[in-house]
Amino acid sequence: MITFENVSLVYPNGTQGLKDINIQINEGEFVVIVGLSGAGKSTFIRSINRLVTPTSGKLMVNGDNILSFKGKELRHLRKKIGMIFQSYNLVKRSTVMKNVIAGRLGYTDTWKSIFHLFSEKDRQLAYENLKRVNIESKLYSRADELSGGQQQRVSIARVLTQQPTLLLADEPVASLDPPTSHQVMKYLKQINKEDNITTIVNLHFIDMAMEYADRIIGMRDGEIVYDGPASSVSEKT
Ligand code: ADP
Ligand code: ADP
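Described below are features of the structure shown in this document. From a predicted model like this one, the values you see are computed outputs, not experimental measurements.

What counts, and where the lines are drawn
- Residues numbered from 1 in each chain as written.
- Chains lettered and ligands numbered in written order.
- Predicted model: local features only at pLDDT ≥ 70, side-chain atom pairs only at ≥ 80, totals over all residues.
- Heavy atoms only, no water.
- Helix = DSSP H or I, 4+ residues; strand = E, 2+ residues; numbered from the N terminus.
- Buried < 20%, exposed > 50% of the residue type's maximum accessible area, 1.4 Å probe, protein only.
- Lys, Arg positive; Asp, Glu negative; His and termini not counted.
- Salt bridge = Lys/Arg side-chain N within 4 Å of Asp/Glu carboxyl O.
- Contact = heavy atoms within 4.5 Å.
- Near = heavy atom within 4 Å.
- Polar contact = N/O pair within 3.5 Å; in protein donor to acceptor, adjacent residues only side chain to side chain.
- Areas by Shrake-Rupley, 256 points an atom, 1.4 Å probe, with all protein chains shown as cover.
- Nonpolar A, V, L, I, M, F, W, Y, C, P; charged D, E, K, R; others polar.
- Patch = residues over 30% accessible without salt bridge, like charges linked within 9 Å, V, L, I, M, F, W, Y side chains within 5 Å.
- Charge placed at Lys NZ, Arg CZ, Asp CG, Glu CD.

**What about the side chain of Arg158?**
Within the secondary structure layout, Arg158 lies in helix α6 (residues 148-161). It turns out Arg158 is buried and unbridged, and the closest side chain with the opposite charge, Asp170, is 13 Å from it. Setting aside residues no more than four positions away along its own chain, Arg158 makes contact with Tyr88, Asn89, Leu90, Asn99, Val100 and Gly103.

Printed below as a string of structure tokens:
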């Protein structure tokens, strides 16, 4: 479903974020990317929804080279790709419910949200997704009243409400303590398996990667230095 062909990315200041990446990620895989800070993990993940744009090569997503996408095509691409961030990126002063419905409405429909024009279907879907991550009891709480782990679960519910075919998570547990990190990783893995949503997660820690990944991609200095099943990673590192 995703193919990188000789993909490189040079930032305007000359830093090479990606160096000639060639890799394929298949539908339904749960891939974890590991590497030290600055290895290029975030650049890799953000290339896939074009939050950053590679400067050469071909990046195929569902049959299209997304590097030529603009305007409407880009919006359409991003609608199908859910993104989870280290800092949760919820609208802090808004309720959990509104934040989750925003996943479905998308940013172009913010006015609907402002005027509370949620349909019953929007509410129902949001509620069901909050239940999947066990946070439905916080429906009417303000996002910034929740703990970090709870906020990340809300952001998972938001992304589910977007009904994506692909889920990208950029250091989703980097701000959480170990038990909470495991809880978040378990939800991500569970959703991947139940809904067959291709999932790519960036992580700092190899032990966590080995516990949850189907496949581990190791990065260093913008290059892929390891690619294989989680079970055989220890021999190489
Ligand atoms: P990681 O996610 O593994 O920490 P990144 O993809 O964030 O790595 O960064 C890869 C390299 O690109 C690093 O050297 C980083 O400093 C550099 N980099 C990231 N973003 C930018 C940017 N906007 N401008 C210039 N250099 C950047
Ligand atoms: P509050 O609930 O904080 O009193 P309002 O009901 O006036 O605020 O407005 C709704 C809030 O939700 C706004 O802060 C708005 O920025 C935010 N919001 C809702 N949906 C979205 C969305 N799709 N994109 C961005 N922001 C959204």
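**Overview of the site of ligand 1**
Taken together, Tyr11, Asn13, Thr15, Leu36, Ser37, Gly38, Ala39, Gly40, Lys41, Ser42 and Thr43 are the residues near ligand 1. Within the contact set of ligand 1, an oxygen atom lies 3.0 Å away from a backbone nitrogen or oxygen of Gly40. Across the complex, the protein chains shield 62% of the 560 Å² of accessible surface that ligand 1 would expose by itself. Looking at the shell around ligand 1 residue by residue, the class counts come to three nonpolar, seven polar and one charged.

**Structural notes on a positive patch on the surface**
A cluster of basic residues, Lys72, Arg75, Lys79 and Lys80, forms a positive patch on the protein surface. Here Lys80 shows up in the loop between α2 (71-79) and β6 (81-85). Its relative accessible area of 35% is what places Lys80 among the partly exposed residues.

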